[in-house]
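Secondary and tertiary structure notes
The primary structure of each chain is shown beneath.
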Amino acid sequence: RRTGTPLQPGWFVDDAGNPTTDPATASMTLPLGGPKGAGLSLMIECLTSLLTGNALIADALQKTGEGAKHRQNALLLAIDVSKFVELSAFRTQVQRLVGVLKALPLAPGFESILMPGERSFRSKAERLLSGVPLPPAVQKELTAIAQRLDVPPLQMVS
């Protein structure tokens, strides 16, 4: 919203449920994967929110006071893989699966197939080296907050 950059088509709707690319009117993200993604999202809400007694989606959709706050939930599931299959065989099969997936033909314009977490690890390494990129509007806002609090401003990189 601060940068005014148009949003990706098909990702957001406004308060009336109409598709929008305007960050000022976007009020809800659409689930990835259409109806199947919505079903998976519902399942995740039940496991990570309702099961823990901290409903998120209903509060957000009903615009309750709690729904306006940024909150997160998580479900941690510990599985002893060795109770199902020998651990070394499991690791071998995971490595095989990753290798087969990474060897698939690439879509036009892509350089590689990434596994979950790879993009984050790459971003972390790049940002540790070069800093975290911030849009000018956010840099300006942070500088103003630092001045108001009489603390040294963050070192900004462009």
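Our structure's up above, just so we're on the same page.
Below you will find a few notes about this structure.

Cut-offs used in this document
- Residues numbered from 1 in each chain as written.
- Predicted model: local features only at pLDDT ≥ 70, side-chain atom pairs only at ≥ 80, totals over all residues.
- Heavy atoms only, no water.
- Helix = DSSP H or I, 4+ residues; strand = E, 2+ residues; numbered from the N terminus.
- Buried < 20%, exposed > 50% of the residue type's maximum accessible area, 1.4 Å probe, protein only.
- Polar contact = N/O pair within 3.5 Å; in protein donor to acceptor, adjacent residues only side chain to side chain.
- Contact = heavy atoms within 4.5 Å.
- Expected span 1.5 Å × (residues − 1).
- Arc of directions from axis to C-beta.
- Pairing = 2+ DSSP bridges.
- Patch = residues over 30% accessible without salt bridge, like charges linked within 9 Å, V, L, I, M, F, W, Y side chains within 5 Å.
- Areas by Shrake-Rupley, 256 points an atom, 1.4 Å probe, with all protein chains shown as cover.
- Salt bridge = Lys/Arg side-chain N within 4 Å of Asp/Glu carboxyl O.
- 1 Å grid on protein atoms, 1.4 Å probe; cavity = no way out; pocket = protein on both sides within 12 Å on 5 of 7 lines; lining within 4 Å.
- Points joined across faces, edges and corners; volume = space filled by probe spheres on them.
- Nonpolar A, V, L, I, M, F, W, Y, C, P; charged D, E, K, R; others polar.

1. Observations regarding the side chain of Thr 20
The residue Thr 20 is located in strand E2 (residues 19-20) in this model. Assessed through its relative accessible area of 11%, Thr 20 is described here as buried. A distance of 3.0 Å separates the side chain of Thr 20 from the backbone nitrogen of Asp 22, its partner in a polar contact. Once residues within four sequence positions are removed from consideration, Thr 20 is found in contact with Phe 12, Val 13, Asp 14, Thr 25 and Ala 26.

2. Some words on helix H5 (residues 136-148)
Compared with an ideal rise of 1.5 Å per residue, which puts 13 residues at 18 Å, H5 spans 18 Å between its outermost C-alpha atoms and is within 8% of the ideal. Inspection of H5 places Val 138, Gln 139 and Ala 146 among the buried residues, and these make up the whole buried set. Projected onto a plane normal to the axis of H5, the buried residues spread over an arc of 100° and lie on a single side. Facing away from the buried surface of H5 by more than 90 degrees, the exposed residues are Pro 136, Lys 140, Gln 147 and Arg 148. One or two steps after H5, the chain reaches Asp 150, where phi turns positive at roughly 55°.

3. Looking at the sheet that holds strand E1 (residues 12-13)
Picture the strands of a sheet paired through backbone hydrogen bonds; they go either parallel or antiparallel. Strand order in this open sheet of three strands is E2-E1-E3, and the pairing throughout is antiparallel. If you trace the sheet from one side to the other, it starts and ends with E2 and strand E3 (28-29), each paired once. As defined by bridge partners, E1 adjoins E3 across two bridges and the pair is classed as antiparallel. Across the sheet, the residue bridging to Val 13 is Met 28, located in E3.

4. Here's the deal with unusual backbone geometry
Positive phi, close to 55°, is recorded for Lys 63, a residue that is not glycine. Looking at the secondary structure, you find Lys 63 in the loop between helix H2 (57-62) and helix H3 (87-102). The exposed category is assigned to Lys 63, whose relative accessible area is 60%. For Asp 150, which is not glycine, the phi torsion reads 55° and is therefore positive. Mapped onto the fold, Asp 150 is located in the segment after H5.

5. A short note on a nonpolar patch on the surface
There is a patch of nonpolar side chains on the surface, built from Leu 77, Ile 79, Phe 84, Val 85, Leu 87, Phe 90 and Val 94 and spanning about 690 Å² of accessible area. Structurally, Leu 87 can be placed in helix H3.

6. Some remarks on the environment of Leu 76
By the secondary structure assignment, Leu 76 is in the loop between H2 and H3. Residue Leu 76 is classed as exposed on the basis of its relative accessible area of 80%. Between the alpha carbons of Leu 76 and Leu 50 there is a distance of 14 Å; along the sequence they are 26 residues apart.

7. Here we look at the layout of surface pockets
Its volume calculated, the largest pocket comes out at about 880 Å³. In terms of lining residues, the largest pocket is bounded by 26 residues, among which Met 28, Thr 29, Ile 57, Ala 60 and Leu 61 are the most central. Those elements that provide at least two residues to the lining of the largest pocket are E3, helix H1 (34-50) and H2. Tallied by class, residues from the lining of the largest pocket come to 12 nonpolar, eight polar and six charged. The volume enclosed by the second largest pocket comes to roughly 170 Å³. The wall of the second largest pocket is formed by Arg 1, Leu 7, Phe 12, Pro 23, Ala 26, Ser 27 and Met 28. Each residue belonging to the lining of the second largest pocket can be placed in one class, and the counts come to five nonpolar, one polar and one charged.

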